[in-house]
Number of protein chains: 2
Amino acid sequence: MGEVTIQQVATAAGVSPSTVSNLLNGRSHRMLPETRQRIETAIDKLGYRPNRAARQLRTGRNQTIGLVVPSVGNPFWGALARHLESAALAEGYHVLLCNSERDPRRERDYIDELWADGVHGVVLCSSLPSLEHVMPLVERGLQLVAFDRTAQAGDPASLVSISVDNAVGSELATRHLTELGHERLAFVSGALASVNRKERHRGFVAALERAGIDPATAMLAPSGSGADAFGDVEASELGRAAAAELLARDEPPTAIVAINDMCALGICRGIREGGLEVAKDVSVVGFDDIVLAELYAPTLTTVRQPMRDMAASAFSLLRARLEDSGPSQGQSLLFRPELIVRESTAPPLS
Amino acid sequence: MGEVTIQQVATAAGVSPSTVSNLLNGRSHRMLPETRQRIETAIDKLGYRPNRAARQLRTGRNQTIGLVVPSVGNPFWGALARHLESAALAEGYHVLLCNSERDPRRERDYIDELWADGVHGVVLCSSLPSLEHVMPLVERGLQLVAFDRTAQAGDPASLVSISVDNAVGSELATRHLTELGHERLAFVSGALASVNRKERHRGFVAALERAGIDPATAMLAPSGSGADAFGDVEASELGRAAAAELLARDEPPTAIVAINDMCALGICRGIREGGLEVAKDVSVVGFDDIVLAELYAPTLTTVRQPMRDMAASAFSLLRARLEDSGPSQGQSLLFRPELIVRESTAPPLS
DNA sequence: TTGAAAGCGCTAACAA
DNA sequence: TTGTTAGCGCTTTCAA
């Protein structure tokens, strides 16, 4: 049972615990090379590993960051979790996983909980337009990286925002459709309550205007309360329902822009259920470029988010703030999205 | 900055820290109801939350479990992570996320690391047939739940194993195909190195025998070293390559049993790329029933693992062992898989 | 029924 | 260059 302590290492090396501690904390320059050598040998021989709880109790810091996502069951967040954890591992950090299920209350509780546990850095994937609920903790020193959410006016001054340029991405997607000749377009999304949904919608509208199409003629689905009825994992269900609704109209769209890939896959499903064929009858564009996009039948045209880079940036910015301890200015990183054209889009029929 | 300490609560309530501690640790029966009342009031008023690091330093325990999966980027593991975290949250536990990327060395390092951090319970999703590498820690008291891996002869005596009955699942899948009239079947998997791959293959063979088909005529793909070339996230790539290989044969299979859903989706992709149609030309069955199985085109016939229940069991068994502290006998839980028939399977052409 | 006291393993002044 | 010392916040005997 007995774990090796710093005291035992010190004894074995014939020095005091503080010298060992100095070595451990990167102050090796203030000791004789031979002392250093002896300590290192002792550490190796005994298989010593510092007790993190003790260290945290003493310093108030730890080597853990929190990740709050709507649900890791969703492949998009799963990919973020994977890459973030990878980046963290490389620097000796751990990742505490939290699924908010898009429940604002749960989101706040998690952050409180993390803070109480001594976690000072959190990557927060919140769809909430306001981050007011976490302000008290940010003022106390919590370092926050908002992921997949661009900076907003009321945000904490120290906030780091990391996101793809949603408007540009959506515009790329939509322009691709108008260039193929589509004129009756639809935009499918849950309630336009979150920041990035609004931005993507904005890009959609901008592309229509640029193509000389009156945005007022564009369709929005699901209409009414349907938009609120679905959580994150159920994005595909939302797409499916929206497709059914759109295809039942007098003049159904010939092309659909989906808020994300899971939603797009649901739309494709709905199109097939309506007896039509994706691409041939109705074009579909997604957003995210999850792994499945390339696997689907037909393969999905979509807007890629450079997830690996984004996750790596999220971690390194967080770490820098955690370790520098200086006053940290907020900043925002906007990654450039890329249109990936695959099989789910084609010119309109007639 | 200053967090509220137990000392402050004690002062506010006019008692000593030990009494507060007693209340906190479920020993409220040994104090006057009014004392208890006063303490609770003080806790509420001050917004006190016990410092976990201090508690852990003192007791050597914490409220965190580790989850080691090949990759949360894979929707199957993503789903496990989600449900496990949910179950943990309900009991005040946290989940530390670790992606092994199917690297045995990384797997072992993670477990060591977790142990050094005071994590005494881990849900391990290892494909390794032997758990020898973690034995030293298990002997020191690490509680281990092996997930998606049935109990093996050499396993630690205290191990809990949770898995679906792979052989039965695979047999259900295969029998479904033989009953449809298929006679030229193939089994697609990475190297049959892991426990559950072997079991699934066993079920496949058993079903063939029962149907009066000589297992020797069944095909295995990818052949040779191809089986080793892919990790976990790339299961779909493996399927895609295997499909290409199988379809190039003189007598290609009319039905394929895939080792899991991601692999099955890759196979479907490969079939389409070969100019054939899933179901009509070649039937495909998966395993797992990930969310995408129902979304795919065609929807995928597959074997469902009751993930939510399995994850909940994993957590509650782990917790029981963590908190009972008594000597814990090993046990294994085998969940019953369920065949979900969808569109990707049909009778053979002629 | 309550409190005093010791100490978990570590770090960081401060002294030597 | 190295060691001494004093806690970080909590739990848990043991004594009152």
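A quick note: this is a predicted structure, and the numbers were derived from the prediction, not measured.

## Focus on the domain arrangement of chain A
Then, in step 1: Assigned domains within chain A: domain 1 (6-50), domain 2 (61-164 + 306-336) and domain 3 (166-305).
Then, in step 2: Placing a centre on the C-alpha atoms of domain 1 of chain A and another on those of domain 3 of chain A gives a separation of 60 Å.

## Some points on the protein's contact with DNA strand C
Then, in step 1: Ile 6, Tyr 48, Arg 55 and Arg 58 of chain A together with Thr 35 of chain B are the nearest of the 24 residues found near DNA strand C.
Then, in step 2: Among atoms of DNA strand C positioned within 4 Å of the protein, sugar and phosphate together represent 67%.
Then, in step 3: With respect to DNA strand C, the side chain of Tyr 48 of chain A contributes an N or O atom lying 2.5 Å from a phosphate oxygen.
Then, in step 4: Interatomic distance of 2.6 Å between a side-chain N/O atom of Arg 55 of chain A and a phosphate oxygen of DNA strand C.

## Remarks on the environment of Glu 251 of chain B
Then, in step 1: Mapping Glu 251 of chain B onto the fold places it in the loop between helix 10 (235-247) and strand 8 (255-258).
Then, in step 2: When the C-alpha atoms of Glu 251 of chain B and Thr 11 of chain B are compared, they prove to be 83 Å apart, with 240 residues separating the residues in sequence.

## Brief notes about the sheet that holds strand 8 (residues 255-258) of chain A
Residues and elements named next belong to chain A.
Then, in step 1: Reading across from one edge, 7-6-8-9 is the order of the four strands in this open sheet, with parallel pairing throughout. Each end of this open sheet is capped by a strand with a single partner; those strands are strand 7 (219-221) and strand 9 (283-285). In this sheet, neighbouring strand axes are inclined to one another by 20° on average, regardless of whether the strands run parallel or antiparallel.
Then, in step 2: Taken together, the three bridges between strand 8 and strand 9 define a ladder with parallel strand orientation. Within the sheet, the bridge partner assigned to Ala 255 lies in strand 9 and is Ser 283.
Then, in step 3: Across the sheet, helix 9 (residues 195-210) touches strand 6 (185-188), strand 7 and strand 8, and the angle it forms with strand 6 is around 175°.
Then, in step 4: Its contacts with the sheet place helix 11 (residues 261-273) against strand 6, strand 8 and strand 9, and it is angled at close to 165° to strand 9.

## Examining helix 3 (residues 33-46) of chain B
One full turn of an α-helix is made of 3.6 residues, so residues set three or four places apart face in the same direction.
All names here are of chain B.
Then, in step 1: With 14 residues, helix 3 should cover 20 Å at 1.5 Å per step; its first-to-last C-alpha distance of 20 Å lies within 8% of that length.
Then, in step 2: If you check which residues of helix 3 are buried, you get Thr 35, Ile 39, Ala 42 and Ile 43. In an axial view of helix 3, the angular spread of the buried residues amounts to 100°, which keeps them on one side of the axis. Of the residues in helix 3, the exposed ones pointing more than 90 degrees away from the buried face are Pro 33, Glu 34, Asp 44 and Lys 45.
Then, in step 3: On the buried face of helix 3, the contacting elements are helix 1 (6-13) and helix 2 (17-24).

## Remarks on the packing of aromatic side chains
Then, in step 1: Summed over the entire model, instances satisfying the criterion amount to seven aromatic pairs over all chains.
Then, in step 2: Ring geometry for Phe 76 of chain A versus Trp 77 of chain A: centroids 4.8 Å apart, planes at 70°, classification edge-to-face. Neither residue differs from the other here; Phe 76 of chain A and Trp 77 of chain A are each classed as buried.
Then, in step 3: Between the aromatic rings of Tyr 296 of chain A and Tyr 296 of chain B, the centroid separation amounts to 5.5 Å while the plane-to-plane angle is 85°, which identifies the pairing as edge-to-face. Taken as a pair, Tyr 296 of chain A in the loop between strand 9 and strand 10 (302-304) and Tyr 296 of chain B in the loop between strand 9 (283-285) and strand 10 (302-304) lie in two separate chains rather than in one.
Then, in step 4: You can call Tyr 296 of chain B buried: its relative accessible area is 2%.
Then, in step 5: Sitting over the ring of Phe 287 of chain A, Arg 200 of chain A keeps its end group 3.7 Å from the ring centre.

## Structural notes on the relation of the copies chain A and chain B
Then, in step 1: Superposing chain A onto chain B takes a rotation of 180° plus a shift of 0.0 Å along the axis, which leaves an RMSD of 0.1 Å. Classification of the inter-copy transformation places it as that of a two-fold axis.
Then, in step 2: A share of 98% of the interface residues of chain A reappears at the interface of chain B, consistent with the copies meeting face to face through the same patch.

## Concerning the side chain of Asn 99 of chain B
Then, in step 1: Looking at the secondary structure, you find Asn 99 of chain B in strand 2 (residues 94-99).
Then, in step 2: Given a relative accessible area of 0%, Asn 99 of chain B falls into the buried group.

## A few points about the side chain of His 94 of chain A
Then, in step 1: With respect to the helices and strands, His 94 of chain A occurs in strand 2 (residues 94-99).
Then, in step 2: Separated by 3.1 Å, the side chains of His 94 of chain A and Glu 113 of chain B make a polar contact.
Then, in step 3: Apart from the residues lying within four places of it in its own chain, the contact partners of His 94 of chain A are Arg 52, Gln 63, Thr 64 and Ile 65 of chain A together with Leu 96, Glu 113 and Asp 117 of chain B.

## Examining the interface of chain A and chain B
For interface size, the figure often reported is the accessible area lost on association.
Then, in step 1: Contacts between the two partners involve 56 residues from chain A, matched on the other side by 55 residues from chain B.
Then, in step 2: For the pair chain A and chain B, the summed buried area comes to about 4800 Å², and 55% of that belongs to carbon and sulfur atoms.
Then, in step 3: With its nearest N and O atoms 2.9 Å apart, the salt bridge here joins Glu 101 of chain A to Arg 82 of chain B.
Then, in step 4: Seen at the junction of chain A and chain B, the total is 30 residue pairs in polar contact (both at pLDDT 80 or more).
Then, in step 5: Those elements that provide at least two residues to the side of chain A that touches chain B are helix 4 (52-59), helix 5 (75-90), strand 2, helix 6 (104-116), helix 10 (235-247) and helix 11 of chain A.
Then, in step 6: It is helix 5 of chain A that provides the largest number of residues to the side of chain A that touches chain B, a total of eight residues.
Then, in step 7: Per-class residue counts for the side of chain A that touches chain B are 26 nonpolar, 14 polar and 16 charged.

## Structural notes on the pattern of salt bridges
Then, in step 1: Per the counting criterion, the structure on display carries 44 salt bridges over all chains.
Then, in step 2: The closest approach of N and O atoms between Arg 200 of chain A and Asp 148 of chain A, which form a salt bridge, is 3.8 Å. Here Arg 200 of chain A is found in helix 9, whereas its partner Asp 148 of chain A is found in the loop between strand 4 (143-147) and strand 5 (160-164), with 52 residues between them in sequence.
Then, in step 3: A residue is classified by how much of its surface remains accessible, and Arg 200 of chain A, at 3% relative accessible area, is buried.
Then, in step 4: A relative accessible area of 9% places Asp 148 of chain A in the buried class.
Then, in step 5: Taken together, the shared-partner salt bridges connect Glu 237, Arg 240, Arg 269 and Glu 273 of chain A together with Glu 294 of chain B into one network.

Scoring rules and cut-offs
- Residues numbered from 1 in each chain as written.
- Chains lettered and ligands numbered in written order.
- Predicted model: local features only at pLDDT ≥ 70, side-chain atom pairs only at ≥ 80, totals over all residues.
- Heavy atoms only, no water.
- Domains from an automatic or database assignment.
- Near = heavy atom within 4 Å.
- Polar contact = N/O pair within 3.5 Å; in protein donor to acceptor, adjacent residues only side chain to side chain.
- Helix = DSSP H or I, 4+ residues; strand = E, 2+ residues; numbered from the N terminus.
- Pairing = 2+ DSSP bridges.
- Axes fitted to C-alpha atoms, helices over the stretch in contact; angles between N-to-C directions.
- Contact = heavy atoms within 4.5 Å.
- Expected span 1.5 Å × (residues − 1).
- Buried < 20%, exposed > 50% of the residue type's maximum accessible area, 1.4 Å probe, protein only.
- Arc of directions from axis to C-beta.
- Phe/Tyr/Trp six-rings, centres within 6.5 Å; stacked < 30°, edge-to-face > 60°.
- Lys NZ or Arg CZ within 6 Å of the ring centre and 35° of its normal.
- Least-squares fit on C-alpha atoms with pLDDT ≥ 70 in both.
- Buried area = accessible area lost by both parts, 1.4 Å probe.
- Salt bridge = Lys/Arg side-chain N within 4 Å of Asp/Glu carboxyl O.
- Nonpolar A, V, L, I, M, F, W, Y, C, P; charged D, E, K, R; others polar.

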